[in-house]
Structure formats: C-alpha cells, structure tokens
Amino acid sequence: GRRKGDRALVMNNYLGVGIDGALSLDFHETRTRNPNMFINRFLNKVWYGGLGARRFLQDRLLTLADRVEIVCDGRVLELPPGTQGVICLNINSYAGGSRLWDDNLLEESSKSSLKDELLEIVAVKGLHHLGAIQVGLVPHAIALGQGRRVAVRVRAAGVPVQVDGEPWRQHEPCTIEVRHRNQAIMLQKTVDIDGQWIGRFENMMLWAEREKLIPAANTNLIIKEAIKRYSHL
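Residues numbered from 1 in each chain as written. Predicted model: local features only at pLDDT ≥ 70, side-chain atom pairs only at ≥ 80, totals over all residues. Heavy atoms only, no water.

An unreviewed UniProt entry lists the chain under the name Diacylglycerol kinase accessory domain-containing protein, from Heterosigma akashiwo.

Laid out in structure tokens, this is it:
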C-alpha cells in the first residue's frame, strides 16, 4: 500500500531522469517566469532549442550513476560511463517521434509493442546524444533493459525528473516505482486499401450490442482481440 506522503502519477508515454528532465524543467521555469514570451508553438520550439543549447554548453550535471540506481524486475541495471539521462518508455516514440529503443540490441528483450505491458529503459549520454538521435545522426539510445516493473532509486537531492513533459526537481532521496496500471483501446492506422476496417468493425460490434446480439460486456473485449490479431493487415 501507499505510505503517507507518497505521490501517484499516471505515465502514458515516458519518464525521464537526468538531462531530459533538466531541459524540461528549464523550459517550464522560464515559461512560468515569462508567460507572455511563450505565445505559440513556433516560439515554444525556439525557446526549447535555445534552452537546450545553453544546457549543452553548461553541461554541469553529474554522472547519473552517482545519483540514481535503476532496478528492472528486481535486477539492478548497469549505467554506461558518462550516462546523463535515463528514459523509461511505455511507447517507442519520444519527443515527436524519435525511436529510442532498438529491438535488436539486447538478446533477452522482445519486440517493443503497445500492448505487451512491458517498459523499455534506455540511457543517453547528454543533450548532444539525444539531439543526434532526434535528427537521425544516431539511430537509437543505449538499451538497458526491458521489464514489467521499474524502480528509480534517487540517491541525491536535486535530480530533475519529468513524466510526459511535466517536470520537477526531486529535492530529497526517494524511490520512483513504475508499473502497469491499465490499458485503453487506441485507433491505429492500418495498411488495408482504405484504412477503415477497424472503424467499420467497431461500428458493427456496437450495432450488434444495440440489437442485443452480444452482451454489452463482451463488446470491448472482442474489439481489443480483433485489433491485436489483425492490426497488421
């Protein structure tokens, strides 16, 4: 059970500890102080790039291995030398579409999937590494592990953290636990002729439910199973 003072957050996409959390925090704090300077998406991107450049030049973060420990399914993951950021992925898409995880890097890992209830953990060596991935100069981040439960043990005060772009600075040691909570039905583009089969199938199932041909409780289960089996068509 949760202890007094524990905080629960819902993570949909990813959790970042270290350098990407620091950049998100820089952006958040600057926008809070000067909201009139963040009035549209273009200016937001300009600010984000400028803050990233400043953070890159300062580059004052300590090696993350001195400040955090990552545990995946009970196994402590070794952080490569020079690691400045660790990112826990629920989806293999980061910051507008960058793929940080490579399915072929670890022998014991399985292919990344939206429906496997597994988390992928990767490391980056700084903003230069993360930026190179985003522009395609580097194909992926450093794969650390894959599992169902991840614990981030923060050993030192001041470590920046972000969850889906919402940042904070962790002011005291703590343990951040990440585990599966639930799933939602999502629409996904298909490669059939007109890309409409999922929507049509869902409409048919809802019609069958209204006509009392199938129990209402089974509708979502059947739709989820159909998507799981045939979304590759």
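J.: Talk me through the pattern of salt bridges; I want residue IDs and the actual numbers.
T.: The tally for this structure, following the rule as stated, stands at three salt bridges. Here R153 ties to E69 by a salt bridge, and the two come within 2.8 Å at their closest N and O atoms. A residue pair is termed long-range when its members are at least 10 positions apart, and R153 in strand β7 (residues 149–154) and E69 in strand β2 (residues 68–72) qualify at 84 residues. The exposure class of E69 is buried, given its relative accessible area of 18%. Linking E69 and R155 is a salt bridge whose minimum nitrogen-to-oxygen distance equals 3.1 Å. Placement of the pair is E69 in strand β2 and R155 in the loop between β7 and β8 (159–163), with a sequence separation of 86 residues. Accessibility expressed as a relative area gives 47% for R155, which makes it partly exposed. Three or more residues are tied together by salt bridges with common partners; here these are E69, R153 and R155. (Salt bridge = Lys/Arg side-chain N within 4 Å of Asp/Glu carboxyl O. Helix = DSSP H or I, 4+ residues; strand = E, 2+ residues; numbered from the N terminus. Buried < 20%, exposed > 50% of the residue type's maximum accessible area, 1.4 Å probe, protein only.)

J.: How would you summarise the packing of aromatic side chains if you had to cite specific residues and measurements?
T.: Applying the stated criterion across every chain yields a total of one aromatic pair. Ring centres 4.7 Å apart and planes at 50° place the aromatic pair Y14 and Y94 in the tilted group. With a gap of 80 residues between them, Y14 in strand β1 (residues 14–18) and Y94 in the loop between β4 (85–89) and β5 (119–124) connect regions that are remote in the sequence. Residue class for Y14 comes out buried when judged on its relative accessible area of 14%. Overall, the relative accessible area of 6% leaves Y94 in the buried class. (Phe/Tyr/Trp six-rings, centres within 6.5 Å; stacked < 30°, edge-to-face > 60°.)

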